[in-house]
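# Report on the structure
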Amino acid sequence: MLRRLFEAVARTMWPWPINACLSGRKSMKVIRKTLNALGGVSLATLMMASAASAQEGSIPMGTGADMAGICGDKPTIVALVDGFGGDTWRKTALAEMKDELSPCKNVTEVLYADGAGDPAKTNSDINSLTAQGVNVMVIFPDFGPAMIPAIRSATQAGVVTVPYNVNLGGNPGVDYSANVIQDFDAASEKWVGWVEKNVGEANVLYFSGPAGNGFSANFMNGIKKAAASRPGIKLLQDTHVATNWNPADAQKATAGVIAQYPKIDAIMSDFGPVTIAVIRAFEQAGLKVPAVVSLASNNELNCMYMDAKKAGNAWPYYTIDGTTTQVRHAVRRGMAIYQGTEDSDPLGMVATVFADSAAGVDPKCDPAAPLDADLSGLLSPEQMQDVFKQ
């Protein structure tokens, strides 16, 4: 509603384009005067709603607008909040965000908070960063809607808040400034389409996190949609195979489904360590590894595949990655809202192909890098080495 109001006011009051009227102090004064005449609608609220909902659709991860045109000139303190920041993926994401902000000389400080797996600490971190005067806060909402009250409080205190990766729910423009999300439907379409093309008729299982979590449910719904129009693709279960994103639990769960289903042609997994555990469970059972379809692979998985390929016993493999770059999209959106500049990107992102055995695309494998390293991002080898030293 606010976006439509903004556009209607712009068309009525100003003959030049909306983006042009948003630049320049004189134009901003005109907008404020007009908004006052509309009954005190907040400029910040109106701009936030417009910026957060102006685009639909998705772009490939690691692409998008040039930050140099978004930086603005207001001094800015930026923070990244993780519910759990102990792995190399999170360290890489922080480095990606800092690299994305490098053209912005007006960013005076970049802060970081690691909730260490504790929801209460994570919410406390959000409150603390708000008190420290953070202007733009990018948040990985590990604990889902339970984080909304703390994020809403920060938003109401004037912080531009941008949760990313998952759809947090809640009310955009009220509970947070914008929600930059992974496009599960587009990713699912890639997964299921690849299986149909390269495996053919297939019995498929999807391995993911704890039972009932929103991330896995969203992905499962996307897989169902993609499979609905493909009669040759049979989902053996209506829900994902719960692994708690824990390799030990994944191996146990895989042993269970191997006993339950005599024919499994393809497995899907959204976390590298889980994918590895599933593969090893098939090998330990003396069975041929099914086709492997993955998201967010890691160095260990990709080196494992390359070793199998050299030995002549590789499984069909397809993985889409680039997930560490999502934080770049999120911080661009946050800076645009805070600075009043333009971010033309949609709010959705979709992972890109990192390995495709059918197309002869091999993944990167670096035996010298940590096992959990994600090598699919935009950082240089030198920058990745700095991450590995942390």
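Above this text is the structure in question.
Description of the structure in this document. Predicted, not measured: the structure shown is a model, and the values here were computed from it. (Residues numbered from 1 in each chain as written. Predicted model: local features only at pLDDT ≥ 70, side-chain atom pairs only at ≥ 80, totals over all residues. Heavy atoms only, no water.)

What follows covers the pattern of salt bridges. Enumeration over the complete set of coordinates arrives at 17 salt bridges. Note that Glu100 is salt-bridged to Arg332, the shortest N-O span being 2.9 Å. Of this pair, Glu100 sits in helix 5 (residues 88-100) while Arg332 sits in helix 13 (residues 326-339); the two residues are 232 residues apart in sequence, bridging distant segments of the chain. In this structure, Glu100 and Arg332 share a single accessibility class: buried. Measuring nitrogen to oxygen at the nearest pair gives 2.5 Å for the salt bridge that ties Glu189 to Arg230. Taken together, the residues Glu189 in helix 8 (residues 184-198) and Arg230 in the loop between helix 9 (214-228) and strand 8 (233-235) connect sequence positions 41 residues apart. Of the residues examined, Glu189 reaches a relative accessible area of 38% and is grouped as partly exposed. Through salt bridges that share partners, Glu96, Asp99, Glu100, Arg328, Arg332 and Asp345 make up one connected network. (Salt bridge = Lys/Arg side-chain N within 4 Å of Asp/Glu carboxyl O. Helix = DSSP H or I, 4+ residues; strand = E, 2+ residues; numbered from the N terminus. Buried < 20%, exposed > 50% of the residue type's maximum accessible area, 1.4 Å probe, protein only.)

Glancing now at helix 12 (residues 299-311). Between its first and last C-alpha, helix 12 extends 18 Å over 13 residues, near the 18 Å set by a 1.5 Å rise per residue. Taken as a whole, helix 12 has its buried residues at Asn299, Leu301, Asn302, Cys303, Met304, Tyr305, Met306 and Ala308. Buried-residue contacts for helix 12 involve helix 11 (272-284), strand 11 (291-295), strand 12 (317-321) and strand 14 (352-356). Looking one or two residues beyond helix 12, the residue adopting positive phi is Gly312, at roughly 85°. (Expected span 1.5 Å × (residues − 1). Contact = heavy atoms within 4.5 Å.)

Examined against the element boundaries, Asp175 turns out to sit in the loop between strand 5 (160-165) and strand 6 (180-182). Residue classification places Asp175 among the buried positions, given a relative accessible area of 4%. Side chain to side chain, Asp175 and Arg152 meet in a polar contact 2.6 Å long. Looking at Asp175, its side chain comes within polar contact range of the main-chain nitrogen of Asn171, at 2.7 Å. (Polar contact = N/O pair within 3.5 Å; in protein donor to acceptor, adjacent residues only side chain to side chain.)

Further remarks concern the packing of aromatic side chains. Evaluation of the coordinates by the stated rule reveals 12 aromatic pairs. Where Trp194 meets Tyr318, the ring centres are 5.3 Å apart and the plane angle is 15°; that geometry is what we call stacked. Of this pair, Trp194 sits in helix 8 while Tyr318 sits in strand 12, and the two are 124 residues apart along the sequence. The class for Trp194 is buried, based on a relative accessible area of 6%. In textbook terms, an aromatic cluster arises when at least three aromatic residues are bridged by ring pairs, as seen for Phe184, Trp191, Tyr206, Phe215, Phe219 and Trp245. A cation over an aromatic ring shows up here: Arg90 above the ring of Phe140, its NZ or CZ 4.0 Å from the ring centre. (Phe/Tyr/Trp six-rings, centres within 6.5 Å; stacked < 30°, edge-to-face > 60°. Lys NZ or Arg CZ within 6 Å of the ring centre and 35° of its normal.)

By definition, the strands of a sheet pair up through backbone hydrogen bonds, in either a parallel or an antiparallel sense. Here we have seven strands laid out as an open sheet, ordered 1-13-6-5-4-2-3, and parallel in their pairing. Sheet topology places strand 1 (58-60) and strand 3 (107-114) at the edges, where each strand pairs with a single neighbour. Strand-to-strand twist across the sheet, computed as the mean angle between neighbouring axes with direction ignored, equals 20°. Here helix 5 sits on the sheet and contacts strand 2 (76-82), strand 3, strand 4 (136-140) and strand 5; the angle it forms with strand 2, its principal contact strand, is near 165°. Against the sheet, helix 13 engages strand 1, strand 2, strand 3, strand 4, strand 5, strand 6 and strand 13 (348-350), with an angle of about 160° to strand 5. (Pairing = 2+ DSSP bridges. Axes fitted to C-alpha atoms, helices over the stretch in contact; angles between N-to-C directions.)

Another point: the state of the cysteines. With the rule as written, the count across this model stands at two disulfides. Paired by a disulfide, Cys71 and Cys104 hold their sulfur atoms 2.0 Å apart. Residues Cys71 and Cys104 are joined by a disulfide whose S-S torsion is about -75°; by sign, that bridge is left-handed. Taken together, the residues Cys71 in the loop between strand 1 and strand 2 and Cys104 in the loop between helix 5 and strand 3 connect sequence positions 33 residues apart. Given a relative accessible area of 4%, Cys71 falls into the buried group. (Disulfide = S-S within 2.5 Å.)

Let us look at the pairing of strand 7 (residues 202-208). With seven of its seven residues buried, strand 7 lies for the most part within the structure. Alternating residues of strand 7 divide into Ala202, Val204, Tyr206 and Ser208 and Asn203, Leu205 and Phe207, and every residue in both groups is buried. Alignment of strand 7 against strand 8, held across three bridges, turns out to be parallel. Following the sheet pairing, Ala202 is matched in strand 8 by Ile233. Chirality of the crossover, the property in question, places the unit of strand 7, helix 9 and strand 8 among those that are right-handed. One ladder, built from four bridges, connects strand 7 with strand 10 (residues 266-269); its direction is parallel. Note on strand 10: the bridge partner recorded for Tyr206 is Met268. (Right-handed = clockwise from strand over helix to strand, strands pointing away.)

We now examine the nonpolar core. Tyr164, Trp191, Val195, Met268 and Met335 are the most contacted members of the largest nonpolar core, which totals 57 residues. When residues in this core are grouped by element, the largest group, seven residues, is from helix 13. Every residue in contact with Tyr164, bar those within four places of it in the chain, is listed here: Leu80, Trp89, Ala93, Val138, Ile139, Phe140, Pro141, Asn179, Val180, Gln326, Val327 and Ala330. Counting 27 residues, the second-largest nonpolar core is a separate cluster that includes Leu236, Val241, Ile267 and Phe282. (Core = buried A, V, L, I, M, F, W, Y, C linked by side-chain atoms within 4.5 Å.)

Just geometry here; none of it tells us what the structure is for.
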